[in-house]
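In case you want the letters, here they are:
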Amino acid sequence: MIVLGIETSCDECSAAVVRDGHEIMSNVIATQIELHKPYQGVVPELASRLHTEWIQQVVEAALRQAGITNKELDAVAVTSRPGLLGSLLVGVSFAKCYASALGIPFIGIDHIRAHLYASQIETPLEYPYLGVLVSGGHTVICRVDDYDRVDVLGTTIDDAIGEAFDKVAKFYDLGFPGGVVIDRLSKSGDPTAFLFPGPSLGEEHRYDMSYSGLKTAVINQKDRFRKEGAEDTPENIAASFQRQAVGILMKRVRLALEDTGLKRVSAGGGVAANSLLRAELKELEKSGYTVTFPSLKLCTDNGAMVAGLGYRYLKDGITSDSHLSASARVTAFKKN
Ligand code: KG4
Ligand code: ZN
């Protein structure tokens with residue numbers, strides 16, 4: 001079965017063709033990064049306008065690169081929630097019309113589940129596993145029992161981890177997108193130059209995280225945390241911030257693994273591209289855990305993860321009806 005996956009939830013306009021949930025025949029990602037750069041953040045109105053202008057060409061390019069015509073498609077899957085409403089609406093409206101014109105099913109996909117599913121496309125991992133979803137909008141540690149069964153164990157109580165990377169980078173004018181720049185600068189910085197604090201949230205928030213305190217410390221109070229003699233350079237700030245941002249997450253991941261007894265871990269989302277996080281997750285293998293994460297191209301927003309998850313629903317006979325609309329909100333999870 002061949003599924004076209006469309007992703008327009010934020011600033012990437014992407015379409016991909018995936019056969020049988022695993023063979024990525026194409027994955028076209030038209031990024032709007034350069035156009036949002038002057039504002040050092042994504043401007044929602046601009047994002048939706050660009051999606052409207054680009055979507056048709058992006059889908060055509062995905063079909064062309066896959067070497068198929070749209071008559072060979074079995075379904076169209078599209079991110080329908082959560083995300084920027086205007087951007088989501090462009091993808092959902094397009095997908096509905098496209099599927100209807102071709103007389104094939106259309107499937108609305110939850111963006112968070114799609115990120116969690118991304119690594120399954122390339123490296124199938126047996127369920128259940130501990131899911132670590134880290135992106136610009138979400139920071140979630142969860143138990144994943146199946147492609148559609150996700151129970152949240154912990155989440156951020158304020159800023160998302162990617163948002164903290166982006167805001168720190170914006171404040172120090174390091175570049176955009178912040179996560180990528182901080183990751184790069186950190187490679188030549190001293191991660192112990194600033195000993196930034198982590199949150200103490202209490203036992204009822206055992207797996208929860210907070211990034212707003214760290215962000216404030218880095219932005220407003222960094223000199224309080226500078227080690228004697230350490231240089232105040234962008235590289236040192238980046239490396240010290242990154243060490244603590246990843247540390248906050250990894251501490252909860254280790255706790256959740258110990259408590260749940262789960263032996264497998266899989267990460268997804270834009271921040272799963274972070275080199276320190278990948279290295280620290282890999283370290284868990286030394287303690288006997290199986291660890292997977294998507295290749296870099298499947299970490300940030302992409303149509304392939306949407307098509308891959310769409311295939312799973314299609315295989316189980318689950319499709320969406322034409323009344324399904326876009327939703328900006330996270331509605332799909334329950335926290336135990
Ligand atoms: O998954 P994604 O493309 O969009 C959302 O669903 O939010 O994630 C984007 C986020 C941004 O905050 C970006 O700064 C971050 O992922 N990011 C990174 C890295 N690459 C992207 N953060 C840290 N290190 C990276 N290498
Ligand atoms: Zn995303």
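The structure under discussion appears in the preceding block.
If you're wondering where the values come from, they're calculated on a predicted model, not measured in any experiment. (Residues numbered from 1 in each chain as written. Chains lettered and ligands numbered in written order. Predicted model: local features only at pLDDT ≥ 70, side-chain atom pairs only at ≥ 80, totals over all residues. Heavy atoms only, no water.)

(A) Main features of the coordination of the zinc ion (ligand 2). Here the zinc ion (ligand 2) is held by His111 (NE2), His115 (NE2) and Asp301 (OD), and the distances to it run 2.0 to 2.1 Å. Counting the intervening residues between successive donors of the zinc ion (ligand 2) yields the motif H-x3-H-x185-D. You can see His111 and its partner His115 sitting in helix H4 (residues 111-122), 4 residues apart, about one turn around the helix. Judged by relative accessible area, His111 falls into the buried class, the value being 6%. The exposure class of His115 is buried, given its relative accessible area of 1%. (Donors = N, O, S within 2.8 Å, 3.2 Å for Na, K, Ca; no water. Helix = DSSP H or I, 4+ residues; strand = E, 2+ residues; numbered from the N terminus. Buried < 20%, exposed > 50% of the residue type's maximum accessible area, 1.4 Å probe, protein only.)

(B) Inspection of helix H6 (residues 178-186) at higher detail. Among all positions in H6, only Gly178, Val181, Ile182, Asp183, Leu185 and Ser186 are buried. Turning to H6, the residues buried within the fold contact helix H5 (161-171), helix H8 (234-260) and helix H9 (275-283). (Contact = heavy atoms within 4.5 Å.)

(C) How the structure looks around the layout of surface pockets. Estimates place the volume of the largest pocket at around 1300 Å³. As for the largest pocket, its lining consists of 39 residues, and the residues nearest its centre are Cys10, Asp11, Ser135, Gly136 and Asp166. Looking at the lining of the largest pocket, the elements with two or more residues in it are strand E3 (23-31), H4, H5, H6 and helix H10 (296-299). Among the elements that line the lining of the largest pocket, the one with the most residues is H5, at 6 residues. Taken together, the residues of the lining of the largest pocket break down into 14 nonpolar, 16 polar and 9 charged. (1 Å grid on protein atoms, 1.4 Å probe; cavity = no way out; pocket = protein on both sides within 12 Å on 5 of 7 lines; lining within 4 Å. Points joined across faces, edges and corners; volume = space filled by probe spheres on them. Nonpolar A, V, L, I, M, F, W, Y, C, P; charged D, E, K, R; others polar.)

(D) The site of ligand 1, seen in detail. Around ligand 1, 18 residues are found, and the nearest of them are Gly136, Asp166, Gly179, Asp183 and Gly270. With respect to ligand 1, the side chain of His111 contributes an N or O atom lying 3.1 Å from an oxygen atom. The separation between an oxygen atom of ligand 1 and a polar main-chain atom of Gly270 is 3.0 Å. Burial of ligand 1 by the surrounding chains reaches 89%, relative to a free accessible area of 550 Å². Using a 2 Å cut-off from the grid points, one finds that ligand 1 occupies the largest pocket. Broken down by secondary-structure element, the contributors of at least two residues to the shell around ligand 1 are H4, H5 and H6. (Near = heavy atom within 4 Å. Polar contact = N/O pair within 3.5 Å; in protein donor to acceptor, adjacent residues only side chain to side chain. Areas by Shrake-Rupley, 256 points an atom, 1.4 Å probe, with all protein chains shown as cover. Sits in = over half its atoms within 2 Å of the grid points.)

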